[in-house]
Amino acid sequence: MLARLQTFSLVGIEAVPVDVEVDVSAGALPATVLVGMPDAAIRESTHRVARAMVNSGFTRPNDRIVVNLAPAALPKQAATFDLPITLGILAGSGQFSSERLLDYAVIGELSLEGSTRPARGALSIAIAAARQKHEHSRGGRPLKGVVVPAASAMEAAVVQDIDVIPVSSLTEAVQFFSGDLQIAPTPARVSEWFDRFASYDIDFADVRGQEAAKRAICVAAAGNHNCLMVGPPGGGKTMLAKRVPTILPQLSAAESIETTRIYSALGLMQAGQPLMATRPFRAPHHTISEAGLVGGRSIPMPGEISLAHKGVLFLDELPEFNRRTLEVLRQPLEDGEVTISRAKSTTRFPADFMLVAAMNPCPCGYRGEPRRTCQCTAPQVDKYMSKVSGPLLDRIDIHLEVPAVPFRELSATRSGTSSSQMREAVLAARLRQAQRFGGATGRATRCNARMTSREIREFCRTEPAAAELLRAAVGDLGLSARAHDKVLRVARTVADLDAADTISCSHISEAINYRLLDRSLWQ
């Protein structure tokens, strides 16, 4: 007999429909053949499937079994084909019959005892199933829902347009498809997950001193500007960076789903948390490879910059990173996505992140520090600084100094500016930007850091004195055209924090002060 089911295969973070066709031929030599470009995990599933059937009380057919995964030219990976293959074998061998096999897509890995294990990419699969449901509703047989392991049901149920049926074992799945067991769809509880998980355990009030650095970070968060902190060891750069997500606007439902898809496809979702409710914060080690940072492998998968999508990517000890690795950031910083090309395909991953980097002013870390003696020579400092290219620095809007904290501020009992105070200012500035950029139909810009050259000319109106100050700064500091635009974007954000429509001298002056590395600090 021939049985046919529907399932999905992950390609990057996208789910692609796959038909599982199982032919059980009685009287032939016993064998199980898998065709359709399965990977090693799927090829090994024949052993898991056989024992899962027997241990669940079913009979393993002593016949020739051919399993075809179509389309044949699409490489298939992951162990989520266990459950659809097993159901196909049982249906093809006549151990149960069902009218539901074409109404529901099936995913799931099986243990040897027949219980289901969590599935990577359950959210992406539910999104693809909902899309397929709407497409088929216009013609053909529509998809009613998706059958998933019980441990992945809450994650898939975030998609409200399709029924998500949780099963905890092979026996439950067979009973559901045969009609002997009715399983209620898992309800979507998005608002509950946000209420439960959308909080932070850290706060900017924990950081002693560094009020000037907090102001610069507030400006960076308000306009989604990339930021570089320069200062001696122990000044608080890492503490400041870790708290940046606490002042960013809360993730919207659409942003949360977009981010969760990436983590789910890589199997990085925490148990019991089906949805990302806080801004991601990623801090890769400086030994990371290019593929680890931007994504790679033979079948492309997301890297750290995609894991930081809609959040913060923190690169500590920036000059210690391989220079070639840092250079691959240039295109994603401009475009908000990364394109990975292979011989057979081209894959795009989202990478709309806020870059926060930190570095020491010299190899020993104490250049310009009055309480410590720097032993570094000028050539050593030049060599250290040259590890970060000029084009990459040009793409970082704000360069700020984070000096050592004096004892009187460390021992002060009064707390500094808190995350709630900073977030209030950030949200007010973001609201002004949303009103500014939301008026034009089809405009992709949502924050000042993403303004195009045309939008800069349209929205960055300066007072005559401010324009003259900027002209002098460009001449004295030798700013590039990109750096000139960065100053205007940052000045526009400073003006938004002051609720000002026109950019004044004070706004331009503050923005210029945030170009630390353009002011010949190392001379």
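Look above for the structure.
Everything in this summary refers to the structure shown in the same document.

Criteria and cut-off values
- Residues numbered from 1 in each chain as written.
- Predicted model: local features only at pLDDT ≥ 70, side-chain atom pairs only at ≥ 80, totals over all residues.
- Heavy atoms only, no water.
- Phe/Tyr/Trp six-rings, centres within 6.5 Å; stacked < 30°, edge-to-face > 60°.
- Helix = DSSP H or I, 4+ residues; strand = E, 2+ residues; numbered from the N terminus.
- Buried < 20%, exposed > 50% of the residue type's maximum accessible area, 1.4 Å probe, protein only.
- Lys NZ or Arg CZ within 6 Å of the ring centre and 35° of its normal.
- Pairing = 2+ DSSP bridges.
- Axes fitted to C-alpha atoms, helices over the stretch in contact; angles between N-to-C directions.
- Parallel < 35°, antiparallel > 145°, perpendicular 65-115°, else oblique.
- Left-handed = near helix turned anticlockwise from the far one by under 90°.
- Contact = heavy atoms within 4.5 Å.
- Nonpolar A, V, L, I, M, F, W, Y, C, P; charged D, E, K, R; others polar.
- 1 Å grid on protein atoms, 1.4 Å probe; cavity = no way out; pocket = protein on both sides within 12 Å on 5 of 7 lines; lining within 4 Å.
- Points joined across faces, edges and corners; volume = space filled by probe spheres on them.
- Salt bridge = Lys/Arg side-chain N within 4 Å of Asp/Glu carboxyl O.
- Core = buried A, V, L, I, M, F, W, Y, C linked by side-chain atoms within 4.5 Å.

### Some details on the packing of aromatic side chains
Next up, step 1: For the structure on display, the rule yields six aromatic pairs.
Next up, step 2: Ring centres of Tyr104 and Phe177 lie 6.4 Å apart, and the angle between their planes is 85 degrees; on these two criteria the pair is classed as edge-to-face. Linking Tyr104 in strand β5 (residues 104-106) with Phe177 in helix α6 (residues 170-178), this pair joins segments that are 73 residues apart in sequence.
Next up, step 3: According to the relative accessible area criterion, Phe177 is buried, its value standing at 2%.
Next up, step 4: Taken together, the aromatic side chains of Tyr104, Phe176 and Phe177 make up a single cluster linked through ring pairs.
Next up, step 5: It is Arg100 that lies over the ring of Phe176; its NZ or CZ is 4.5 Å from the centre.
Next up, step 6: The ring centre of Tyr366 lies 4.1 Å from the NZ or CZ of Arg372, which sits over that ring.

### A short note on the pairing of strand β4 (residues 64-70)
Next up, step 1: Alignment of strand β2 (residues 14-25) against β4, held across seven bridges, turns out to be antiparallel. Bridge pairing in β4 links Val24 to Ile65.

### Structural notes on the packing of helix α18 (residues 419-437) against helix α21 (residues 481-497)
Next up, step 1: The geometry of α18 relative to α21 is characterised by a closest axis approach of 8 Å and an angle of 115 degrees between their N-to-C directions. Comparing the axis directions of α18 and α21 gives the class roughly perpendicular. For the element pair α18 and α21, the recorded crossing hand is right-handed. Counting all contacts with α18, which are made through Ala425, Ala429, Arg432, Gln433 and Arg436, the residues of α21 involved are Arg492, Asp496 and Leu497.
Next up, step 2: Classifying every residue of the contact of α18 with α21 by side-chain character gives three nonpolar, one polar and four charged.

### A closer look at the layout of surface pockets
Next up, step 1: A volume near 900 Å³ is recorded for the largest pocket.
Next up, step 2: Lining of the largest pocket is provided by 36 residues; of these, Asn224, Asp352, Arg446, Cys447 and Arg450 occupy positions nearest its centre.
Next up, step 3: At the level of elements, α14 (330-335), α18 and α21 are the ones that each hand at least two residues to the lining of the largest pocket.
Next up, step 4: Looking at which element gives the most residues to the lining of the largest pocket, the answer is α21, with four residues.
Next up, step 5: A breakdown of the residues in the lining of the largest pocket according to their chemical character gives ten nonpolar, nine polar and 17 charged.
Next up, step 6: Computed from the structure, the second largest pocket encloses a volume of approximately 470 Å³.

### Some thoughts on the pattern of salt bridges
Next up, step 1: Evaluated as defined, the whole model comprises 25 salt bridges.
Next up, step 2: For Arg279, the salt bridge goes to Glu255, with nearest N and O atoms at 3.4 Å. Taken together, the residues Arg279 in the loop between α10 (253-265) and β11 (281-282) and Glu255 in helix α10 connect sequence positions 24 residues apart.
Next up, step 3: A relative accessible area of 10% places Arg279 in the buried class.
Next up, step 4: For Arg330, the salt bridge is made with Glu327, and the minimal N-O distance between the two is 2.4 Å.
Next up, step 5: With a relative accessible area of 28%, Arg330 lands in the partly exposed category.
Next up, step 6: What you see here is one network of salt bridges that share partners, running through Arg432, Arg436, Arg492, Asp496 and Asp501.

### With respect to empty space enclosed by the protein
Next up, step 1: A full pass over the atoms with the stated rule returns three cavities of 30 Å³ or more.
Next up, step 2: If you add up the space inside the largest cavity, you get close to 60 Å³.
Next up, step 3: Lining the largest cavity are Thr32, Thr46, Val49, Ala50, Met53, Arg60, Ile65, Ile85 and Ile89.
Next up, step 4: For the lining of the largest cavity, the elements supplying multiple residues, two or more each, are α2 (45-55) and α3 (82-92).

### Details of the nonpolar core
Next up, step 1: Residues Leu228, Ile305, Leu315, Leu329 and Phe353 are the most contacted members of the largest nonpolar core, which totals 72 residues.
Next up, step 2: Among the elements that take part in this core, helix α4 (residues 122-137) stands out by supplying seven residues, more than any other.
Next up, step 3: Not counting the four nearest positions on each side in its chain, Phe353 is found in contact with Asn226, Ile305, Ala308, Gly311, Leu313, Leu329, Pro332, Leu333 and Arg450.
Next up, step 4: Of all hydrophobic cores here, the second largest spans 51 residues; its members include Val356, Leu479, Ile503 and Tyr514.

### Points about the packing of helix α8 (residues 211-223) against α18
Next up, step 1: One way to put it is that α8 packs onto α18 with a least axis distance of 8 Å and a crossing angle of 35 degrees. Along this stretch, α8 crosses α18, giving a crossing that reads as right-handed. Listed contacts from α18 to Lys214, Cys218, Ala221, Ala222 and Gly223 of α8 are Met422, Ala425, Val426, Ala429, Arg430 and Gln433.
Next up, step 2: Split by residue class, the contact of α8 with α18 holds seven nonpolar, two polar and two charged.

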